[in-house]
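Secondary and tertiary structure notes
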2 protein chains.
Amino acid sequence: MAEALVTAKNLEQFIFRVLAANGLPEVDARTVANLMTAADLIGQDGHGVFRLAQYVKRLKAGGINPTPDLVLAQEFPASAVVDGDNGMGHLVMDNAANVAIDKARQTGVSWVGSRNSNHAGPASLYAMKALAEDMIGLYVAVGSANHMPPWGGTDMLLSTNPIAVAIPAAERPPIVLDMATTVAAYGKVKTAAQRGEMIPEGWMIDRNGKPLLDPKRSSEGFLLPIGGPKGYGLSLVFGILAGVLNGAAFGRDVVDFNTDSESRTNTGQFILMLNIGAFMDPVEFKSSIDGVWDEMKSSACLPGVSEIRLPGERLHATRVERSSNGIPLPAALLEVLDGLAEENAVPKLERAAG
Amino acid sequence: MAEALVTAKNLEQFIFRVLAANGLPEVDARTVANLMTAADLIGQDGHGVFRLAQYVKRLKAGGINPTPDLVLAQEFPASAVVDGDNGMGHLVMDNAANVAIDKARQTGVSWVGSRNSNHAGPASLYAMKALAEDMIGLYVAVGSANHMPPWGGTDMLLSTNPIAVAIPAAERPPIVLDMATTVAAYGKVKTAAQRGEMIPEGWMIDRNGKPLLDPKRSSEGFLLPIGGPKGYGLSLVFGILAGVLNGAAFGRDVVDFNTDSESRTNTGQFILMLNIGAFMDPVEFKSSIDGVWDEMKSSACLPGVSEIRLPGERLHATRVERSSNGIPLPAALLEVLDGLAEENAVPKLERAAG
């Protein structure tokens, strides 16, 4: 089997069928399938259909509740905590983002946290829900496995705790920052290991503080935070805001969802929505963001650099390209998906012609 | 003249007198003097009385308005924009933080931005205003001089755009993160130059992309962001949130307040306040933060590391120490302050006995 292209429509339909076959109500299966496909469309290959087998494993093992009863456990005019009842993280955060948008329309800004949630795919998906509403979205999650000690330590008490911020522009693509607080995301280390490649110095160290360059030895070391103690501080603070404040897991309580498919993860996240109209005319603001784009692009470049990039530029280009040409899936993943089709008695994922 | 200790009380009184002599109403001079002294108490030596001469220069040159008329230019139930009328940044952000606290008490979360503000000292001061209110504070500012290009570029369009987050604990000190989005703050480079020391590789590069190690050559290069493109993304996004969204300066419009004392800077900042009681019982939350402290401290250490530190730990220890023993001021600074006393016809700053 070789790499093949699939259309977003077929991919979404396939994911929908697999999730519905695993007990998700149709409306929820559609929501999750749409978000997972959106992850593949924007090039977040490690966070889209790549995760389907893992989610199904957790659904079958009882690690995720297919029919959660989402409730607002806390509510103030501009804030809330959604208790996800251990449902799919996508559902929980889609719901939280919708609540946040409704609130910010009234109050100017809103902050909605989650507990008893789960891995929800790429951070940018939820921040980007702001864009169509003339809002700015900011999303933070407690990562679903600890790969980092506090600065100077060796006990892995912290995760990559990512942040995403999405800011609408007028004619230019939106500015979308989506980053881990570690130099490299753990997925990149796993990818290098699969390919038999070394990783650059600065990504990981071992328990003696020495650079770890062979990703096959990754279990002997840990990820390094950006800016040393600064990235440690960001990861810690984001973990408190997305975890502790919501009554969600943090520190030693974080369940490694890669190795444990049964335990409730009690994942925490939060989404902040800023109503641009509460600050200035949204048309004027978006036009100013076009200006920011052009100004950054206008900078002279270092030797060897051909062009300044804006955060979200590649994401946008990937979405445009994949929406029209299809989403490329590697052979190994297609094999896993065909296995899922068989196991769950749904039609195989249709490959695009050509 | 040698280094000397001064008490916080005497320092605050001295700053108050100098500011009042430069046209600030007494109540405003007191507010600013209190915040500037607080900066010295927490060890932010580059952001306290060290800046007084520069502020006075701007006040005398017309670069700062001593009697601003602060107004809420925009207001929603949970958000606002304070127009600072080119007043001292401390006044503007003290006001913004108070507005934000009042709002968050009602709404759960609030976000108050500023425009026509000025340099306001260390970011942590305003975030820390949350602590006594059982709130979490988050502050971001557009830095008052551009020292960084977009990633891969050579035009200095971005500043160190710092972030501070303050989180209350019960028995332990609060967690206070206060960091620039660059590997090193520009002040550290200036300090190294004054001392005739080299700076470490990774702080700055020159226009050819080569490491710049001699801080006396700092004008030939620029600061590096934390995590490469990630820190660039953070600086960009923070600058948009604290600057563009408030109608404040960003990019090429940022005035370098070190070299220009006359032009209105139109500095932008924002403060976010989270009412912990809107999420969970504040007593339970603060006890959980004690738990986070103890958990991080419990980590085994890398060879050569004796103890894990929490963000804000040193700040807290410095405040305790200086509150009881006094604030050490270097000889060169004391000389400047004595000059200011003479120039503004106020009594010299009294040195502590001993």
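**Regarding the overall build of chain A**
- When you go through chain A residue by residue, the secondary structure sums to 10 helices and 11 strands.
- For a compact globule of 354 residues, the expected C-alpha radius of gyration is about 20 Å, and chain A comes in at 20 Å, within 12% of that figure.
- Each principal axis of the C-alpha atoms in chain A carries an extent, and together these give about 55 × 50 × 50 Å.
- Evaluated residue by residue, chain A yields a buried proportion of 58% over its 354 residues.
- Looking at chain A alone, contacts between residues at least 24 apart form 65% of all its contacts between residues at least 6 apart.

**Topic: unusual backbone geometry**
- At Asp 134 of chain A, a position not held by glycine, the phi torsion is positive, near 55°.
- Its 17 C-beta neighbours within 10 Å are what place Asp 134 of chain A among the partly exposed residues.
- Look at Asn 86 of chain B: it is not a glycine, yet its phi comes out positive at around 60°.
- Assignment of secondary structure puts Asn 86 of chain B in the loop between strand 3 (79-83) and helix 4 (89-107).

**A few points about the interface of chain B and chain A**
- Counting residues at the interface gives 59 residues for chain B and 59 residues for chain A.
- Elements supplying a minimum of two residues to the side of chain B that touches chain A: strand 2 (71-76), strand 3, helix 4, strand 4 (109-117), strand 6 (163-167), strand 7 (175-179), helix 7 (229-242) and helix 8 (282-297) of chain B.
- The element best represented in the side of chain B that touches chain A is helix 7 of chain B, accounting for 6 residues.

**Points about the sheet that holds strand 4 (residues 109-117) of chain A**
Residue and element names in this part refer to chain A.
- Taken together, the 7 strands give an open sheet; going across it, the order is 2-3-4-10-5-6-7, and neighbouring strands pair in mixed fashion. Whereas interior strands pair on both sides, the edge strands pair on one side only; in this sheet they are strand 2 (71-76) and strand 7 (175-179). Between one strand axis and the next, the sheet turns through 10° on average, direction left out of account.
- As defined by bridge partners, strand 5 (residues 135-141) adjoins strand 6 (residues 163-167) across 4 bridges and the pair is classed as antiparallel. By the bridge assignment for strand 6, Gly 137 is matched with Ala 166.
- Sitting on the sheet, helix 4 (residues 89-107) touches strand 3 (79-83), strand 4, strand 5 and strand 10 (267-275), and the angle it makes with strand 4 is about 160°.

**Observations concerning the pairing of strand 4 of chain B**
Residues and elements named next belong to chain B.
- Counting buried positions along strand 4 yields 9 of 9 residues, so the element is predominantly enclosed.
- Note that strand 3 and strand 4 share 5 bridges and pair parallel. From the neighbouring strand, Ala 80 faces strand 4, where its bridge partner is Val 112.
- For the segment spanning strand 3, helix 4 and strand 4, crossover handedness is right-handed.
- For strand 4 and strand 10 (residues 267-275), the ladder comprises 7 bridges, and the chain directions are antiparallel. Within the sheet, the bridge partner assigned to Gly 113 lies in strand 10 and is Phe 270.

**A word on the packing of helix 2 (residues 26-41) of chain A against helix 4 of chain A**
Residue and element names in this part refer to chain A.
- Two numbers describe how helix 2 lies on helix 4: the axes approach to 9 Å, and their chain directions differ by 90°. On the basis of the axis angle, helix 2 is roughly perpendicular to helix 4. Between helix 2 and helix 4, the contacting residues are Asp 28, Thr 31, Val 32, Leu 35 and Met 36 on the first element and His 90, Leu 91 and Asp 94 on the second.
- Of the residues contributing to the contact of helix 2 with helix 4, the split by class is 4 nonpolar, 2 polar and 2 charged.

**Some points on the domain arrangement of chain A**
Residues and elements named next belong to chain A.
- Domain annotation for chain A reports domain 1 (1-61 + 323-354) and domain 2 (67-182 + 225-287).
- Taking only C-alpha atoms into account, the centre of domain 1 sits 24 Å from that of domain 2.
- With 17 residues of domain 1 at the interface, the matching set in domain 2 holds 11 residues.
- Class assignment for the residues of the side of domain 1 that touches domain 2 results in 9 nonpolar, 5 polar and 3 charged.

**Concerning the pairing of strand 6 of chain A**
Residue and element names in this part refer to chain A.
- By the criterion of burial, strand 6 is predominantly enclosed, with 5 of the 5 residues buried.
- The alternating pattern of strand 6 places Ile 163, Val 165 and Ile 167 and Ala 164 and Ala 166 on opposite faces, both of which are buried.
- Here strand 6 pairs with strand 7 via 5 bridges, running antiparallel. Across the sheet, the residue bridging to Ile 163 is Met 179, located in strand 7.

**A look at the confidence of the model for chain A**
- Of the residues in chain A, 99% reach a pLDDT of 70 or more, and the chain-wide mean stands at 96.
- At the level of chain-chain contacts, confidence expressed as ipTM amounts to 0.96, with global pTM at 0.97.

**Quick notes on the relation of the copies chain B and chain A**
- Placing chain B over chain A gives an RMSD of 0.0 Å and needs a rotation angle of 180°, together with 0.0 Å of translation along the axis. Between the two chains, the operation in question is that of a two-fold axis.
- Looking at chain B, 100% of its interface residues are interface residues in chain A too, so the copies touch through the same face.

**Some details on the sheet that holds strand 4 of chain B**
- As summarised here, the arrangement of the 7 strands in space is 2-3-4-10-5-6-7 (chain B), forming an open sheet in which the pairing is mixed. Where the open sheet ends on each side, the last strands, each with one partner, are strand 2 and strand 7 of chain B. Neighbour-to-neighbour, the strand axes of this sheet turn through a mean angle of 10°, independent of strand direction.
- Packed onto the sheet, helix 7 (residues 229-242) of chain A meets strand 6 and strand 7 of chain B and runs at close to 135° relative to strand 7 of chain B.

**Some thoughts on helix 6 (residues 186-195) of chain A**
Residue and element names in this part refer to chain A.
- Inspection of helix 6 places Tyr 186, Val 189 and Ala 192 among the buried residues, and these make up the whole buried set. Buried residues along helix 6 cover an arc of 120° about the axis, so they all sit on one side. More than 90 degrees from the buried face of helix 6, the exposed residues found are Gln 194 and Arg 195.
- Where helix 6 is buried, its residues contact strand 8 (204-206) and strand 9 (221-223).

How each quantity is defined
- Residues numbered from 1 in each chain as written.
- Chains lettered and ligands numbered in written order.
- Predicted model: local features only at pLDDT ≥ 70, side-chain atom pairs only at ≥ 80, totals over all residues.
- Helix = DSSP H or I, 4+ residues; strand = E, 2+ residues; numbered from the N terminus.
- Rg over C-alpha atoms; globule rule 2.2 N^0.38 Å.
- Buried ≥ 20, exposed ≤ 12 C-beta atoms within 10 Å, placed from the backbone.
- Contact = placed C-beta atoms within 7 Å.
- Pairing = 2+ DSSP bridges.
- Axes fitted to C-alpha atoms, helices over the stretch in contact; angles between N-to-C directions.
- Right-handed = clockwise from strand over helix to strand, strands pointing away.
- Parallel < 35°, antiparallel > 145°, perpendicular 65-115°, else oblique.
- Nonpolar A, V, L, I, M, F, W, Y, C, P; charged D, E, K, R; others polar.
- Domains from an automatic or database assignment.
- pLDDT = per-residue confidence, 0-100.
- Least-squares fit on C-alpha atoms with pLDDT ≥ 70 in both.
- Arc of directions from axis to C-beta.

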